[in-house]
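Here is what each chain is made of, one letter per residue.
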Amino acid sequence: MDKNNKDGFSYTYSAKEQEELKRIREKYIPRTESENKMERLRRLDEGVTKKAQAVSLVIGILGTLILGVGLSFIMTTLGEMLLSSHDHLVMPIGILIGIVGGALAALAYPIYNFTVTRERKKIAPEILRLTDELMK
């Protein structure tokens with residue numbers, strides 16, 4: 001029986017619940033200036049890759065969809081239905097659409113690298129300032 005507990009009942013939380021309690025408690029503890037700077041540093045660094053990922057995913061998915069439309073022109077009757085009076089143009093137009101879509105999808109990774117490089121250059125002064133302050 002717990003001496004501090006008048007009812008004679010005590011309960012301890014599991015390790016998982018203890019971690020959750022600590023995470024919730026940390027949200028309400030006042031932060032020191034260095035902790036705030038470290039959080040800002042982490043957010044800035046994560047923001048670079050998140051933005052690049054979003055841009056490259058949109059480009060890659062869009063390219064893949066366009067490639068699929070080109071393949072549909074070639075392999076199904078979609079092209080014949082849309083270009084019924086110009087049946088002889090279905091194959092070349094489908095190939096052209098497919099090439100454009102494939103090229104766009106292939107550009108997704110180079111666009112990711114370009115975006116990461118550009119965003120890092122943009123936030124480099126702030127990152128260097130924060131790291132200098134934290135390293136002192």
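First, a word on what this report is: a plain description of the structure on this page.

Calculation notes
- Residues numbered from 1 in each chain as written.
- Predicted model: local features only at pLDDT ≥ 70, side-chain atom pairs only at ≥ 80, totals over all residues.
- Heavy atoms only, no water.
- Phe/Tyr/Trp six-rings, centres within 6.5 Å; stacked < 30°, edge-to-face > 60°.
- Helix = DSSP H or I, 4+ residues; strand = E, 2+ residues; numbered from the N terminus.
- Core = buried A, V, L, I, M, F, W, Y, C linked by side-chain atoms within 4.5 Å.
- Buried < 20%, exposed > 50% of the residue type's maximum accessible area, 1.4 Å probe, protein only.
- Bend = angle between axes of the 7 residues up to and from the residue.
- Polar contact = N/O pair within 3.5 Å; in protein donor to acceptor, adjacent residues only side chain to side chain.
- Contact = heavy atoms within 4.5 Å.
- Patch = residues over 30% accessible without salt bridge, like charges linked within 9 Å, V, L, I, M, F, W, Y side chains within 5 Å.
- Areas by Shrake-Rupley, 256 points an atom, 1.4 Å probe, with all protein chains shown as cover.
- Salt bridge = Lys/Arg side-chain N within 4 Å of Asp/Glu carboxyl O.

### Notes on the packing of aromatic side chains
Part 1 of the argument: Taken as a whole, this structure holds 1 aromatic pair when the rule is applied.
Part 2 of the argument: Measuring from ring centre to ring centre gives 6.2 Å for Tyr109 and Tyr112, while their planes differ by 15°; the resulting arrangement is stacked. Of the two residues, Tyr109 and Tyr112 are both situated in helix H5 (residues 108–135); the distance of 3 residues between them amounts to about one turn of the helix.

### A word on the nonpolar core
Part 1 of the argument: Ranked by size, the top nonpolar core spans 8 residues in total: Leu41, Leu44, Val48, Ala52, Val116, Ile123, Ile127 and Leu130.
Part 2 of the argument: Contributions of two or more residues to this core are made by helix H2 (33–75) and H5.

### Description of H5
Part 1 of the argument: Along H5, the sharpest kink reaches roughly 50°, centred on Ile123 and followed within four residues by the proline Pro125.
Part 2 of the argument: Among the residues of H5, those classed as buried are Ala108, Thr115, Val116, Glu119, Ile123, Ile127 and Leu130.

### A few points about the side chain of Thr115
Part 1 of the argument: Structurally, Thr115 can be placed in helix H5.
Part 2 of the argument: Looking at Thr115, the relative accessible area reads 3%, which means it is buried.
Part 3 of the argument: Here the side chain of Thr115 touches Ile111 through a polar contact of 2.7 Å, landing on its backbone oxygen.
Part 4 of the argument: Excluding its chain neighbours within four sequence positions, the residues that come into contact with Thr115 are Ala52 and Val55.

### Details of a nonpolar patch on the surface
Part 1 of the argument: Taken together, the side chains of Leu57, Ile61 and Leu65 define a hydrophobic patch exposed on the protein surface, amounting to about 320 Å² of accessible area.
Part 2 of the argument: Within the element layout of this structure, Leu65 appears in helix H2.

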